[in-house]
Every structure is written in C-alpha cells, then in structure tokens.
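# Descriptive structure summary
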Amino acid sequence: MFVRNAWYIAAWSDEVAQSPLGRRILGEPVVLFRDSAGAIAALQDRCCHRGAPLSLGEVVPRGIQCGYHGLVFDSAGQCVLVPGDHKVPPGAQVRSYPVVERDAFVWIWMGKPEQADRSLIIDFPYHNDSRNWPHQHTMMRLRSGYLLVLDNLMDLSHLGYVHKGTVGGDATTHVEAKMRTVRTPNGVRFERWMIDSVPPPTYVKAVGFKGKVDRWQEIEFVAPNAVLQWNGAIDAGTGALHDWKYDRPRENCFSFRLFHGITPETENSSFYFWSSANGYSQNDPSATRQLFDEIARTFEQDKAVLEAQQQRLLELPDGPLVEIHGDAARIHARRAIDRRIATEQAL
Ligand code: FES
Ligand SMILES: [Fe+2]
C-alpha cells in the first residue's frame, strides 16, 4: 500500500535527456522525457492506440512518438499527430503526471493532479551549492520494499554490524549512542551522539583523525519517502557539544550530508536515490569522490541485507517480529506513513 498524494523522486534531472526513460513508480509504468524546450514531462507508459510502451518510442519536436505506429503525444498526453491521417480521434490521450524539476531531482505526483501542491516539495538547496556542499548522486534499484529501506535508515544501530569497514566502525559505540527522538507533524527527527568514540574507517580515511572523536548524526524523515541526514565528527573534547541545536552550523568539523529518497517501484522493489555532499574539503574534488565511493560501498552493504531480508519475509511472512529499544524512530516513521494512508483512504 502506498501514499499516492505525495511527491516522489522519479529520476535525477541528469537521467532525463532526449531519449525516453521508462520507470515503474508506485506500480504504474511511467515514461519521462524532456521536450524540445527542455521541460520534463511524465506520461503513462502506454500508448492509447494499441497499448505499446511509449518508452520504446522517441522524442520528436512535438512530443513523444510511439515506436509502434507513430502516434505523437505532447507533454500533457494529448495525441497531436496520427501519421498519414489528418484527424486525431476523440479521446486519443494518455494520462500525464505533474512533474517538477528542482535541486537536481525530478519530482512526480502520482495522486490526484488537482492536489499536486508544489509547496509540499522538500527543499534540498545543498545540491545547488557546489561551493559549500559539492556533491555526487546516483540511484540504486533495490529488490526490497520501500518500508524496509526506510526501516534501515531509521535504525542506525545497524552501522556497527553492517558497515564495520566504512561509516560504522565499532558496534558498541552505536549501541551506546545517546539518542534523542522527536516526532514532527509529518515524520520524525532524531539525533545520535557518540562522544569520545573511535572514528570509523571512512572518517579516518577522509580527514586522518588520530585519536577519538565526538561524533553526531542528525536525521529527519519526511513522510512518506525522504530522509535528510547530516553527520560529522570533531576531535574529542573540543566543543561539539556546547550549545548544541539541531542543524546548527558547526565550524571546523568533518561533516557531510546525505539525501535519501526512496520511491516504491512495486510492493517489493524500490528506487533508492541518494547523494553525498562534502562539507569538509570543498575545494578538493577527489575528497568529494572519495566520500561518494565510501558511501556507495556502504549502501551496497545495505542492499545485500535488505534484499536478503525481503526474500526471507516473503518466504516466511507470518513468523513473529519483536521490537527492541532502537526501534523508536522506526516506529514513529511507520506511523507517519500509516496516518497518511489512513487519511487518503478516508477521503
Ligand atoms: S501502439 Fe502506439 S501508435 Fe500504435
Ligand atoms: Fe546502512
């Protein structure tokens, strides 16, 4: 079950070029393309002539041309040309979806078009700020339902087990992290502090920490599909904890931001759009690249667990699952999604 009245990431901006991009979103086949003026359009990926996927066609000056018998559809899904015939039959139209290109994302609205309020789109200005936050991004297709992917991001105690060799490090550090979890109107926010802890391999590789560090993670989940994360560390005892406030700027620290956008493909598979932004060595492109490579390695580790977990849950769906103390943020996140689904169903 999905929240439909929400903005989802359909693609990275740079994925949508002149050739059509077919992608299944919330179970529906969608084709994305960039029209001759450079604007992105999204249509149902089904020609209204004989049902061929439009993504097998090509972009032409007036829109997208079906690759089967050549009908052309404009960005609103209206058929504007039937080859060899001057008349477009009434009703020759395919569904179009509202799309917005912003902050390197292509957002799509899969619900009722009249409710597609652009002000609900999450801002992530760091993608446009290559001076202070140079970033790299990618998409991973996961054979795992989006709720399992969100669960993974909401319980970072897995870092010490799944990501020992990258961003995790020592497991006890994570289990003992000080946590504060706050519900928000549309999700949950939590902080984790690992004071006087051994820095994980990725952090040492990036800035060469010699001793222990005070380390933080700040995570915000915005239902139903986005997680904004800020991580960092500073030499232990040098003041990271004084006057601490959520998202307060911290100078002279090692820090990086992650964006995680999860778009359901089907009930049991997802697209994971993520970026890593370098907030510590902005003038060094190799540092941005190294950070990205480390995070990519980290998320490949998550993918292995998530896909195996999804398989096992499909195989044995009815066995008991228990909750432990680290599940608080995860439970809040799931409830935020449940509330949105219940609201939609009540309408
Ligand atoms: S199926 Fe698309 S033009 Fe015939
Ligand atoms: Fe992970």
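## Remarks on unusual backbone geometry
Working note: non-glycine residues mostly have negative phi, and peptide bonds are mostly trans. In the segment running from Ala-223 into Pro-224, the intervening peptide bond is cis, with an omega of 5°. In this structure, Pro-224 sits in the loop between β15 (213–222) and β16 (226–235). The phi torsion at Asp-103 lies on the positive side, around 55°, for a residue other than glycine. Given 18 C-beta atoms within 10 Å, Asp-103 falls into the partly exposed group.

## With respect to the nonpolar core
Burial of nonpolar side chains together is a common tendency in soluble globular proteins. Grouped together as the largest cluster of nonpolar side chains are 73 residues, with contacts concentrated most on Ala-10, Leu-32, Val-106 and Ile-108. Split by domain, the residues of this core number at least three in each of domain 1 (7–120) and domain 2 (125–344). Filtering out sequence-adjacent residues up to four positions away, Leu-32 remains in contact with Ala-10, Ala-11, Val-16, Leu-21, Arg-23, Ile-40, Ala-42 and Val-106. In terms of nonpolar packing, the next biggest core, distinct from the first, is built from six residues, Val-213, Ala-233, Ile-234 and Phe-254 among them.

## Details of the sheet that holds strand β13 (residues 178–184)
The strands making up a sheet associate through backbone hydrogen bonding, with each pair oriented either parallel or antiparallel. With antiparallel pairing, seven strands are arranged side by side in an open sheet as β12-β18-β17-β16-β15-β14-β13. On the outer flanks of this sheet lie β12 (135–142) and β13, each paired with one strand and no other. Each adjacent strand pair in this sheet contributes to an overall mean axis angle of 15°, direction not counted. For β15 and β16, the ladder comprises 10 bridges, and the chain directions are antiparallel. Within β16, the position partnered with Val-213 by the bridge is Asp-235. Contacting β12, β15, β16, β17 (254–266) and β18 (269–278), helix α1 (residues 146–154) runs over the sheet at an angle of about 160° to β17. Contacts between helix α5 (residues 285–315) and the sheet are confined to β12, β17 and β18, with β12 contributing the most and set at about 15° to the helix.

## Some thoughts on the environment of Gly-165
With respect to the helices and strands, Gly-165 occurs in the loop between α2 (159–162) and α3 (171–175). Here Gly-165 falls in the partly exposed class, since 14 other C-beta atoms lie within 10 Å of it. For the pair formed by Gly-165 and Arg-297, sequence separation is 132 residues and the distance between their alpha carbons is 9.5 Å.

## Focus on the domain arrangement of the protein chain
Structurally, the protein chain comprises domain 1 (7–120) and domain 2 (125–344). Averaged C-alpha coordinates put domain 1 and domain 2 at centres separated by 33 Å. Across the boundary between the two partners, domain 1 contributes nine residues, which contact 12 residues of domain 2. Counting residues per element, the ones that place at least two in the side of domain 1 that touches domain 2 are β1 (7–12) and β2 (21–25).

## Topic: the pairing of β2
In this sheet, strand β3 (residues 28–34) lies alongside β2 in antiparallel orientation, the contact comprising five bridges. When the bridges of β3 are listed, Ile-25 appears paired with Glu-28. In this structure, the hairpin formed by β2 and β3 is closed by a connection of two residues, where Leu-26 is found at a positive phi of approximately 50°.

## Quick look at the environment of Pro-29
As for its placement among the helices and strands, Pro-29 is situated in strand β3. Take Pro-29: there are 15 C-beta atoms within 10 Å of it, and that puts it in the partly exposed class. With 236 residues separating them along the chain, Pro-29 and Glu-265 place their C-alpha atoms 9.1 Å apart.

## What about the sheet that holds strand β10 (residues 99–102)?
Pairing is antiparallel in the open sheet, where three strands are placed in the order β1-β11-β10. Whereas interior strands pair on both sides, the edge strands pair on one side only; in this sheet they are β1 and β10. Strand-to-strand twist across the sheet, computed as the mean angle between neighbouring axes with direction ignored, equals 30°. As defined by bridge partners, β10 adjoins strand β11 (residues 105–109) across four bridges and the pair is classed as antiparallel. In the sheet register, Arg-102 faces β11, and the bridge partner there is Phe-105.

## A few points about α5
End to end, α5 covers 45 Å across 31 residues, agreeing with the expected 45 Å (1.5 Å per residue, within 8%). What α5 keeps buried is the set Thr-288, Leu-291, Phe-292, Glu-294, Ile-295, Thr-298, Phe-299, Leu-306 and Gln-310. On the buried face of α5, the contacting elements are β12, α1, α4 (201–207), β17 and β18.

Reading the values: rules and limits
What you see as residue numbers is a count from 1 along each chain, following the sequence as written. Labels are handed out in written order, letters beginning with A for the chains and numbers beginning with 1 for the ligands. Per-residue local features of the predicted model are confined to residues with pLDDT of at least 70, and side-chain atom pairs are confined, for both listing and counting, to 80 or more; whole-chain, interface and lining totals are unaffected and use all residues. Helix numbering and strand numbering both begin at the N terminus, where a helix is a DSSP run of H or I of at least 4 residues and a strand a DSSP run of E of at least 2. Whether a residue is buried, exposed or partly exposed follows from its count of other C-beta atoms within 10 Å of its own C-beta, namely 20 or more, 12 or fewer, or something in between, respectively; the C-beta atoms are built from the backbone. Connectivity within a nonpolar core runs through C-beta atoms within 7 Å, and the core itself is a set of buried Ala, Val, Leu, Ile, Met, Phe, Trp, Tyr and Cys residues. Domain borders in the structure are assigned automatically or taken from a domain database. Our contact criterion uses C-beta atoms placed from the backbone: two residues qualify when those atoms are within 7 Å. Each pair of strands is called paired provided DSSP finds at least two bridges between the two strands. Only the stretch in contact is used when a helix axis is fitted, and all axes are lines through C-alpha atoms; the angle between N-to-C directions ranges over 0 to 180 degrees. A helix is expected to reach a length of 1.5 Å times the quantity of its residues less one.

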